[in-house]
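# Coordinate analysis (summary)
For reference, the chains in residue letters:
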Amino acid sequence: MQQLTPRPRRGFLPIRTNAFDRGFIGVVLLVAIHLFWLRFLEAYLPLWCATVLSLVIGVIVVRKG
Amino acid sequence: MKGRGGKLILFLGWCVISLFTLFPIYWMFLISTKTRVELFSMPSFLPGKFHWDNYINVLTDSAFQGYMLNSVIVATSNALLVTVLALLATYALSRFKLAGKDNIFFWLITNRMAPAAVFLLPLFLLFTKVFVLGGISLFDTRTGLILLYCVFNLPFAIWLLQGIMDGIPVELDEAAMIDGASTFQVLTKIILPLAKPGLAVTAILTWVFAWNEYLFAATLTSVEARTITTGLAEFVTVTGTNWGELAAVAMLTLLPAVLFLGLVQRNIVAGLTFGAVKE
Amino acid sequence: MRSSTIGWLFLAPTLLILLVFGMLPFVYVLVIGFTDWNAFAAVATPHFNGVENYRRLVFDDQVLTALWLTLRFTIFAVVSELILGYFLAQLFMRDFPLKGLFRTLHTLPLMVAPIAVGATWRLLTVPGLGPLSYYLERWAGIEYRLNTYASQAFFTTVLMDLWHWTPLVTLTLLAGLSALPKDPFEQAQIDGANRFQIFWHITLPMLRPVILTTVFIRAMDALRTVDEVWMLTGGGPGAATRYIGLHIWRVVFPKTDYGYGAAMSLLTLYLTIVLCWLLYVALVARKRSGEDSR
């Protein structure tokens, strides 16, 4: 659980973040991806794809960001 | 730009700039003192004969008297409530060891940042449908507005008083404690006198913010608890043509701002920027 | 330290009020944003309908236009206020007679109720009554009609915002300028730097935190402008100045489409928070990268 300590650190994101910041970024991306999907991609792929995608991205951001 | 000439040019420059600042208000004052017939002749920037009819009409109108009364009651009660609560809260935050108090302070402050329009709908629904006790709802009551205005005024007051409270030496109340004073006595006998100027500024500014508020008042009241700002807005939609009276009401609305300006102008910038900018 | 129970007791009323009137509405809007609730519908109680409101929202041209207009208004207003405010702050840095009085006068618009600001500007611009419309037509031959020409209405709202809020920018920048150390400027003058070089390489970088803070605060306020614009243009002509707050207030309420209105409110809040956060990151990123390099 080394990554989840609240101490700020440097990951692939351009700024130093702590666990809370990365969680926040994950949620912001989740909402953004869903809204984008509803507008442009839902005609081709169902919405749960967006959920899976944003959850994967969320996990990556929280663990590696 | 040194020397006398430079100073004179700057002085004259500021006269022109202040003219731009004051002109809209001056113009409104002129309109409020004109009769209907005079209004639509060529605009004249000089005061003609003063007619106070617009003010008399407005001030003797019973609906408008109700609006003014509501505004005075709401703003005054809110300012008193906010000042007392903020005094207690900042005393607690500054003198007691409370778990997570930095987070609490931060959370209190963020309440102010929320855009009002976003919360209109949930507040309207809460006021009309949820906060109902035995057939009486908070909708269209002065109490509702007084409590609601705390949401934006309390964070501001707490921020303003926090600095003042931290500036009062803890040794003073500790000495009083050793002499056997209770917490309440410390608060009234030691903190209150020292924080008085700060409390006055807080009360004045919260009063003005509550007086100026429009959006919540317009949405969450209908007849009984309408305030002066909603009265002003009604002029445009209902009797859009009576510009003289509209100007008179607007003058009355901005009167407190002008009256209190000198007292609080040093604090208003720090207040509006949440201390991010100190003067 | 004393018993913390009393401390919590003192804090309790404040926390209670902010929880009930600050947090509860947020939670409430979050819930009804995912429901179908229309007071005039056959079933007038909220029931869960998933992301249906948001599906409607992303295709609602009126909302997207309102959001775009709000952003445009904010950018125009904040940028012009910064430029004008910086210029005025520099003027305040010098010495001249009656400086205190001018400063106080300059603060006046900040205290005026936004709704009264709107009324003031309406009186300046009403055709046949206001001097602005009269003289623009007479001297410049411009037909000035706020209820006809969209771009005139838009720029008048920007101008009104400029009148109302430039003083705040002036005074924050003035505070920033007064706090700057003198040495770098003297050194630069000795080195023969010209005015623009001094501004670009010394003043601007040192003033950066104050500028960003000012932009942050002003942007937050400009994004939620409602009262003044409602009073000046009523959102018109058409929907040319119907900024998002005004849109939520004027369009959603009369239709009593609560679920959809809640979704719209949430989207606005989301965008505000994201924008706010980006500005905040820009504000602290410099500081933090400075710590890194040490």
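Every value quoted in this text rests on a predicted model; they were computed, and no experiment measured them.

A tally of helices and strands in chain A yields two helices and zero strands. Taking all 65 residues of chain A together, the buried fraction comes to 31%. When contacts within chain A are restricted to residue pairs at least 6 apart in sequence, those whose partners lie at least 24 apart make up 44%. Total accessible area on chain A stands at roughly 4200 Å², and carbon and sulfur atoms take up 74% of it.

As a further point, take the domain arrangement of chain C. All names here are of chain C. The domains assigned to chain C are domain 1 (1–30) and domain 2 (33–293). If you average the C-alpha positions of domain 1 and of domain 2, the two centres end up 31 Å apart. Every contact between the two is made by four residues of domain 1 and, on the other side, seven residues of domain 2. Both sides of the domain 1 and domain 2 interface together cover about 400 Å² of buried area, and 71% of this is carbon and sulfur. In this assembly, domain 1 and domain 2 are joined by zero salt bridges. Considered class by class, the residues forming the side of domain 1 that touches domain 2 number four nonpolar, no polar and no charged.

Bringing the nonpolar core into the picture now. Formed by 197 residues in total, the largest nonpolar core has its most connected members in B:Leu232, C:Leu123 and C:Trp249. The dominant element in this core, judged by the number of residues it contributes, is helix 7 (residues 142–167) of chain B, at 15 residues. For B:Leu232, the residues in contact, after removing those within four places along its chain, are B:Leu246, B:Val249, B:Ala250, B:Thr253, C:Ile115, C:Ala116, C:Ala119 and C:Met231.

When you line up the elements, C:Met231 lands in helix 10 (residues 227–232). Put simply, C:Met231 and C:Trp121 are 110 residues apart on the chain and 8.7 Å apart in space, counted from C-alpha to C-alpha. Excluding residues that lie within four positions of it along the chain, C:Met231 makes contacts with B:Leu232, B:Ala233, B:Val236, B:Leu246, C:Ile115, C:Gly118, C:Ala119 and C:Arg122.

On to the interface of chain C and chain B, then. In this assembly, 89 residues from chain C lie in contact with 103 residues from chain B. Where chain C abuts chain B, roughly 8800 Å² becomes buried across the two surfaces, and 81% of that area is made up of carbon and sulfur atoms. Scanning the region where chain C abuts chain B turns up zero salt bridges. One can count six residue pairs in polar contact (both at pLDDT 80 or more) joining chain C with chain B. If one sorts the elements of the side of chain C that touches chain B by residue count, helix 1 (residues 4–32) of chain C sits on top with 22 residues. Here the side of chain C that touches chain B is built from residues that sort into 63 nonpolar, 18 polar and eight charged.

Residue-level contacts link 15 residues of chain C with 14 residues of chain A. With both chains or domains summed, chain C and chain A bury close to 1400 Å², and 69% of this area falls on carbon and sulfur atoms. On the surface where chain C and chain A come into contact, there are three residue pairs in polar contact (both at pLDDT 80 or more). At the level of secondary structure, the elements contributing two or more residues to the side of chain C that touches chain A comprise helix 2 (52–57) and helix 12 (258–293) of chain C. Here the side of chain C that touches chain A gets nine residues from one element, more than from any other, and that element is helix 12 of chain C. Residue composition of the side of chain C that touches chain A, grouped by class: 12 nonpolar, no polar and three charged.

This paragraph deals with the side chain of C:Thr225. Residues and elements named next belong to chain C. Assignment of secondary structure puts Thr-225 in the loop between helix 9 (195–223) and helix 10. For Thr-225, a relative accessible area of 7% gives the class buried. Of the polar contacts made by the side chain of Thr-225, one reaches the backbone oxygen of Asp-221; its length is 3.3 Å. For Thr-225, the side chain forms a polar contact with the main-chain oxygen of Ala-222, separated by 2.8 Å. Setting aside residues up to four positions removed in sequence, Thr-225 forms contacts with Phe-73, Asp-161 and Tyr-243.

Turning our attention to the packing of helix 7 of chain B against helix 9 (residues 183–212) of chain B. All names here are of chain B. Relative to each other, helix 7 and helix 9 sit at 150°, their axes nearing to 10 Å. Considering their axes alone, helix 7 and helix 9 lie roughly antiparallel with respect to each other. Helix 7 and helix 9 meet at a crossing whose hand is right-handed. On the side of helix 7, the interface is formed by Tyr-149, Phe-152, Asn-153, Phe-156, Ala-157, Leu-160, Leu-161, Ile-164 and Met-165, while helix 9 contributes Ile-191, Ala-195, Gly-198, Leu-199, Val-201, Thr-202, Leu-205, Thr-206, Phe-209 and Ala-210.

What follows covers helix 2 (residues 47–64) of chain A. All names here are of chain A. An ideal rise of 1.5 Å per residue puts 26 Å on 18 residues; helix 2 measures up with 26 Å between its terminal C-alpha atoms. Listed in full, the buried residues belonging to helix 2 are Leu-47, Cys-49, Ala-50, Ser-54, Gly-58 and Val-61. In a view along the axis of helix 2, the buried residues occupy a sector of 165°, so they form one face of it. When the buried face of helix 2 is taken as reference, the exposed residues oriented beyond 90 degrees from it are Trp-48, Leu-55 and Lys-64. For helix 2, the secondary structure elements touched by its buried residues are helix 1 (19–41).

Residue and element names in this part refer to chain C. According to the stated counting rule, one finds nine salt bridges over all chains in the structure shown. We note a salt bridge from Glu-81 to Arg-218, for which the minimum N-O separation is 2.8 Å. Remark: Arg-218 occurs in helix 9 and Glu-81 occurs in helix 3 (residues 61–93); sequence separation between them is 137 residues. The class for Glu-81 is buried, based on a relative accessible area of 0%. Members of the salt-bridge network, linked through shared partners, are Glu-81, Asp-161, Arg-218, Asp-221 and Arg-224.

Definitions and cut-offs
Residues numbered from 1 in each chain as written. Chains lettered and ligands numbered in written order. Predicted model: local features only at pLDDT ≥ 70, side-chain atom pairs only at ≥ 80, totals over all residues. Heavy atoms only, no water. Helix = DSSP H or I, 4+ residues; strand = E, 2+ residues; numbered from the N terminus. Buried < 20%, exposed > 50% of the residue type's maximum accessible area, 1.4 Å probe, protein only. Contact = heavy atoms within 4.5 Å. Areas by Shrake-Rupley, 256 points an atom, 1.4 Å probe, with all protein chains shown as cover. Domains from an automatic or database assignment. Buried area = accessible area lost by both parts, 1.4 Å probe. Salt bridge = Lys/Arg side-chain N within 4 Å of Asp/Glu carboxyl O. Nonpolar A, V, L, I, M, F, W, Y, C, P; charged D, E, K, R; others polar. Core = buried A, V, L, I, M, F, W, Y, C linked by side-chain atoms within 4.5 Å. Polar contact = N/O pair within 3.5 Å; in protein donor to acceptor, adjacent residues only side chain to side chain. Axes fitted to C-alpha atoms, helices over the stretch in contact; angles between N-to-C directions. Parallel < 35°, antiparallel > 145°, perpendicular 65-115°, else oblique. Left-handed = near helix turned anticlockwise from the far one by under 90°. Expected span 1.5 Å × (residues − 1). Arc of directions from axis to C-beta.

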